[in-house]
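# A look at the structure
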Amino acid sequence: MTHAVDIHPLVSPWGRFGLYSFFIDAPEPAVVDTGIASSPAEGMAPALAAIGRRVEDVRWILLTHGHIDHMGGAYALWELTGRRARVVIHEADAPMLRSRRAHVEEYLAGRGRYLDDPEGEARVTAAADAVVSGEMEPSLLVRGGETLSLGGGVTVSVHAVPGHTPGSVAYVVDGQRSVFTGDAVQVNGAANGFPGYTDPAAYRAGLEYLRDEVRPRHLYLGHPYRRADGTPYGVELDAAQAREAIDQSLAAEGRVAAAAYGCLRAGLRKTDSPYSPFAPAAEELGYTGDPTLEPSPFFTSMHGYRARLDQNL
C-alpha cells in the first residue's frame, strides 16, 4: 500500500434505525454495504457530494453479508455507477443478492418457526419487495483469502467471519488495518438489545480471529452496538475500543450460550410467554425486549444454539 486512504461513514435513515455504509476514498473508490433500496440516492449520493465525491465514480461495492439492511441498495447503487462498479459478496450469502425470496426462506427456516405470526411470511415478502432494490448476479464471489486492488497500491483483503450469517466477511484496508465487519461484532446487540447470529460457534470463532489475527487499528461497525450497560458505541472505533468491543462480544456470547444450553437441556416447553419456548433463557439473561420486532435476534440466536446442540447429539 502506497498511502493511507480516508474512510467516510455514509448514514441513511430507515424507520427506527440508521443504516451505515462506508466510503473508501481510493483511486478506485469503494462503498462497503449499501443500506436499503432508497439509500444510494437519498443517503449516499448527497453525502458523497458534500465531500466532493460522486456516487457515479464508485467502482467497488463490497457487501459484508446478505441481510436486506446491508445489501438492499446494491442494485440501485450499481445502477447509479452506470453498472460499472463490481459487486462483491461471499458465495454463501450470494443467494440473498440473487433472490428476494431467499430472505423469506431464511425467515421461515429460522426465527419464523417461533414467532406466532400467521402473516409473517407475507410481511417478510412485502419487506423484501420494498427494500431490496433489485435481484442481481454478483460480479465477484469470495470465500475469504482474496485481495482486491483499489488502484494506486491500495488493497483490501477479504476475511471470512461467518456466524451472523454463513457468508459474513470482514474487509481490511491493508497496511492501515481499517476493518469493516458489518454485523460480525455484535457486542450486546443494537437497538434490539440482543446479539443475533445463526451459528454461535462460528460467530465466536470469528470474533477470536478478529481479535488475535486481524487486530483492527480502526474498526467500522454495521450499527451502534451497545455495551453491557446499554450505552452505544459509535460505528468508528479506535484500536482500544475495537479490542473492548470484541471482548465484550465474546463475553455476551458466553452468557447467552450458558442460558440457551441450560434451557435446551432442560427441555423446551411451549408457554404463553412471547419468548416461548425459550422463556427460561430470556429470564436468566434479563431480556425484556420485543422478540417480534425484526430482525428478531432473540429467536435467531436461540435457534442457532438449538441447531448446534442437535448437530452434536
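For the structure itself, look to the data block above.
Residues numbered from 1 in each chain as written. Predicted model: local features only at pLDDT ≥ 70, side-chain atom pairs only at ≥ 80, totals over all residues. Heavy atoms only, no water.

### Here's the deal with the side chain of T64
As for its placement among the helices and strands, T64 is situated in the loop between β4 (60-62) and α2 (68-71). A relative accessible area of 1% means that T64 is categorised as buried. A polar contact is formed between the side chain of T64 and the side chain of H65, at a distance of 2.9 Å. Leaving out residues up to four positions away in the same chain, T64 has contacts with V32, D33, H70, G167, S168, V169, Y171, F180, T181 and G182. (Helix = DSSP H or I, 4+ residues; strand = E, 2+ residues; numbered from the N terminus. Buried < 20%, exposed > 50% of the residue type's maximum accessible area, 1.4 Å probe, protein only. Polar contact = N/O pair within 3.5 Å; in protein donor to acceptor, adjacent residues only side chain to side chain. Contact = heavy atoms within 4.5 Å.)

### Comments concerning the sheet that holds strand β12 (residues 236-238)
Taking strand neighbours across the sheet as the criterion, the 6 strands line up as β7-β8-β9-β10-β11-β12 in an open arrangement whose pairing is mixed. Either end of the sheet is taken by a strand with one partner, and the two such strands are β7 (147-149) and β12. Averaged over neighbouring strand pairs, the angle between their axes works out to 25° when direction is ignored. The pairing of strand β9 (residues 169-173) with strand β10 (residues 178-182) spans 3 bridges and is classified as antiparallel. Along β10, the bridge assignment pairs Y171 with F180. Here helix α7 (residues 200-214) sits on the sheet in contact with β8 (155-160), β9 and β10, set at roughly 180° to β10. Here helix α8 (residues 239-266) sits on the sheet and contacts β11 (218-221) and β12; the angle it forms with β12, its principal contact strand, is near 105°. (Pairing = 2+ DSSP bridges. Axes fitted to C-alpha atoms, helices over the stretch in contact; angles between N-to-C directions.)

### Here we look at the pattern of salt bridges
Under the defined criterion, the tally for this structure stands at 14 salt bridges. The salt bridge partner of D212 is R211, with a shortest N-O separation of 2.7 Å. Residue R211 is classed as partly exposed on the basis of its relative accessible area of 23%. Measuring nitrogen to oxygen at the nearest pair gives 3.5 Å for the salt bridge that ties R227 to E244. In this pair, R227 is assigned in the loop between β11 and β12 and E244 in helix α8, connecting sequence segments 17 residues apart. Here E244 falls in the partly exposed class, since its relative accessible area comes to 35%. (Salt bridge = Lys/Arg side-chain N within 4 Å of Asp/Glu carboxyl O.)

### Thoughts on the packing of aromatic side chains
Across all of its chains, the model carries 15 aromatic pairs by this definition. An angle of 70° between the planes, with centres 5.2 Å apart, marks the rings of F194 and F298 as edge-to-face. Here F194, found in the loop between β10 and α7, pairs with F298, found in helix α10 (residues 297-312); they are 104 residues apart in sequence, far enough to count as distant. Residue class for F298 comes out buried when judged on its relative accessible area of 0%. (Phe/Tyr/Trp six-rings, centres within 6.5 Å; stacked < 30°, edge-to-face > 60°.)

### Some remarks on α7
A rise of 1.5 Å per residue sets the reference length of α7, with its 15 residues, at 21 Å; its end C-alpha atoms lie 20 Å apart and thus fit the reference within 8%. For α7, the full list of buried residues reads P200, A202, Y203, G206, L207, L210 and V214. Next to the buried residues of α7 lie β8, β9, β10, α8 and α10. If you check the start of α7, you find a side-chain oxygen 3.2 Å away from the backbone N of A201, and it comes from D199. Phi turns positive one or two residues past the end of α7, at R215, with a value near 50°. (Expected span 1.5 Å × (residues − 1).)

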